[in-house]
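# Structural overview
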Amino acid sequence: MRRLPIRPLAGVVTLAALALAGCGTQTAGAPLDPGVSGGDPTIRAQQVMRLTEVHEQTGMTLLEGPVFDEDGQLLVVDVTAPAGEPKVLRVNVRKRTSEPVHTDARGTYTSAQFSPYDGRIYLTDFSHGDIVSLAPDGGDPRTFFSGEVDGSRMNPDDLAFDREGNLYVSDSRGMSEGEAKGRVVRIGRAGKDATVLADGLASPNGISFDADYRGLWFSELTQNRVSYLLLDGEGGVASRHTAVRVDGGIAQTDSIAVDADGNLYQGLHGRPAMAVYDKYGERLATVTVPARAARGLESATNVAITPGGTRAYMTVSGPGGGYLYSFDALGKGIRQSNGG
């Protein structure tokens, strides 16, 4: 298959493209609760640590895809890290230390998740349309999927696994043109049989199974909406509908996580905050960083909730650097709130 030329990251991925992965060009400083009716509770997140600084070569840093490994350490990807700098980091949240896990000369990784089938780490390469896997220690890189799906190469943003290890990917294709050409794509666990489950989407970003694996939640960044894709149990779609319209003001919908109670944690691009909804679309809370700390921060892309616990770790980034913030989630962590 033809691959895109290998170029410096800043040339391969425009700022507009990175915005879909959660990196904004707006400045922070929106009101603490824009667009919230009824005054839903505010959950104040606390800073855990600063993980990254703005990279000189790419002019930004963007943390994404937090996922806990079997040892309770948190893996995080830095979307805009250039060749030679850590693109995947492992964080000891108790000691507040980090170490590099993986880098390469090519990938623009926007999410990470462990497969329930083979236990490897799977990464989405937004720029090149590939899905890459690593051994749990970060070694043995392999290209799991590459090439076209129904005649078009993907811009894979986030991913989710079903119980059998099949992948479900939000494909942000069409973002740079501003056209609704995005898709939700299913890829069999062997890296074959790629199928389009939904198309005509406006920059799909977050994707997660619900708590019972009956269907998929996915967000469309440029429409500020979350939709629900009910599956038929045989790899196909039974129905699809708009489930939540997010009133975010200047902020837009980024990644999604789901806790054991079925609550949705909707990351925001353009504001260092998350909106929390129940499965019926009621807004339950808004997770924010302290107002003083919000200066220089532009997005809260994603969250991982400690498996079996309620401690949540949110990736927050902007011109001030890349940070981890923590808060108490409304429900316990499960696979759907651990990576993606």
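Let me sum up the structure you'll find in this document. (Residues numbered from 1 in each chain as written. Predicted model: local features only at pLDDT ≥ 70, side-chain atom pairs only at ≥ 80, totals over all residues. Heavy atoms only, no water.)

### Some points on the sheet that holds strand 3 (residues 63–68)
Pairing in this open sheet of four strands is antiparallel, and the strands run 3-4-5-6 from one edge to the other. Looking at the sheet topology across the chains shown, the edges are occupied by strand 3 and strand 6 (97–102). Strand-to-strand twist of the sheet, defined as the mean angle between neighbouring strand axes without regard to direction, takes the value 25 degrees. (Pairing = 2+ DSSP bridges. Helix = DSSP H or I, 4+ residues; strand = E, 2+ residues; numbered from the N terminus. Axes fitted to C-alpha atoms, helices over the stretch in contact; angles between N-to-C directions.)

### A closer look at the sheet that holds strand 19 (residues 225–231)
Overall, antiparallel pairing links the four strands, which are arranged 17-18-19-20 in an open sheet. Among the strands making up the open sheet, the edge pair consists of strand 17 (204–209) and strand 20 (237–245). Here the strands of the sheet are splayed against their neighbours by 20 degrees on average, with no regard to which way each runs. Strand direction decides the pairing type here: strand 17 and strand 18 (residues 215–220), joined by four bridges, are antiparallel. Directly across from Ser208, in strand 18, lies its bridge partner Trp217.

### Points about empty space enclosed by the protein
This structure, assessed with the given rule, holds one cavity of 30 Å³ or more. The space that makes up the largest cavity amounts to roughly 60 Å³. Lining the largest cavity we find Gln113, Leu159, Ala160, Phe161, Ile207, Ser208, Phe209, Tyr213, Ile256, Arg335, Gln336 and Gly339. Mapped onto the lining of the largest cavity, the elements with two or more residues apiece are strand 13 (156–161) and strand 17. Partitioning the lining of the largest cavity into residue classes produces seven nonpolar, four polar and one charged. (1 Å grid on protein atoms, 1.4 Å probe; cavity = no way out; pocket = protein on both sides within 12 Å on 5 of 7 lines; lining within 4 Å. Points joined across faces, edges and corners; volume = space filled by probe spheres on them. Nonpolar A, V, L, I, M, F, W, Y, C, P; charged D, E, K, R; others polar.)

### Quick notes on the side chain of Ser172
Within the element layout of this structure, Ser172 appears in the loop between strand 14 (167–171) and strand 15 (182–187). What makes Ser172 buried here is its relative accessible area of 0%. Side-chain polar atoms of Ser172 contact the backbone oxygen of Pro204, separated by 2.4 Å. (Buried < 20%, exposed > 50% of the residue type's maximum accessible area, 1.4 Å probe, protein only. Polar contact = N/O pair within 3.5 Å; in protein donor to acceptor, adjacent residues only side chain to side chain.)

### Things to note about the packing of aromatic side chains
Evaluated as defined, the whole model comprises seven aromatic pairs. When the centroid spacing of 5.9 Å and the interplanar angle of 70 degrees are considered together, the rings of Phe68 and Tyr313 count as edge-to-face. Of the two residues, Phe68 is situated in strand 3 and Tyr313 in strand 26 (residues 311–318); the sequence distance between them amounts to 245 residues. The class for Tyr313 is buried, based on a relative accessible area of 11%. With centroids separated by 5.2 Å and ring planes inclined at 40 degrees, the aromatic side chains of Phe209 and Tyr213 adopt a geometry described as tilted. With respect to class, Phe209 is no different from Tyr213; both count as buried. Taken together, the ring pairs in this structure connect Tyr122, Phe144 and Phe161 into an aromatic cluster. (Phe/Tyr/Trp six-rings, centres within 6.5 Å; stacked < 30°, edge-to-face > 60°.)

### Things to note about unusual backbone geometry
For residues besides glycine, phi is generally negative; the peptide bonds are generally trans as well. Even without being glycine, Asp140 reaches a positive phi, approximately 55 degrees. Inspection of the secondary structure assignment puts Asp140 in the loop between strand 9 (130–134) and strand 10 (142–145). In this structure, Asn224 is a non-glycine residue whose phi angle is positive, near 50 degrees. Mapped onto the secondary structure, Asn224 falls in the loop between strand 18 and strand 19.

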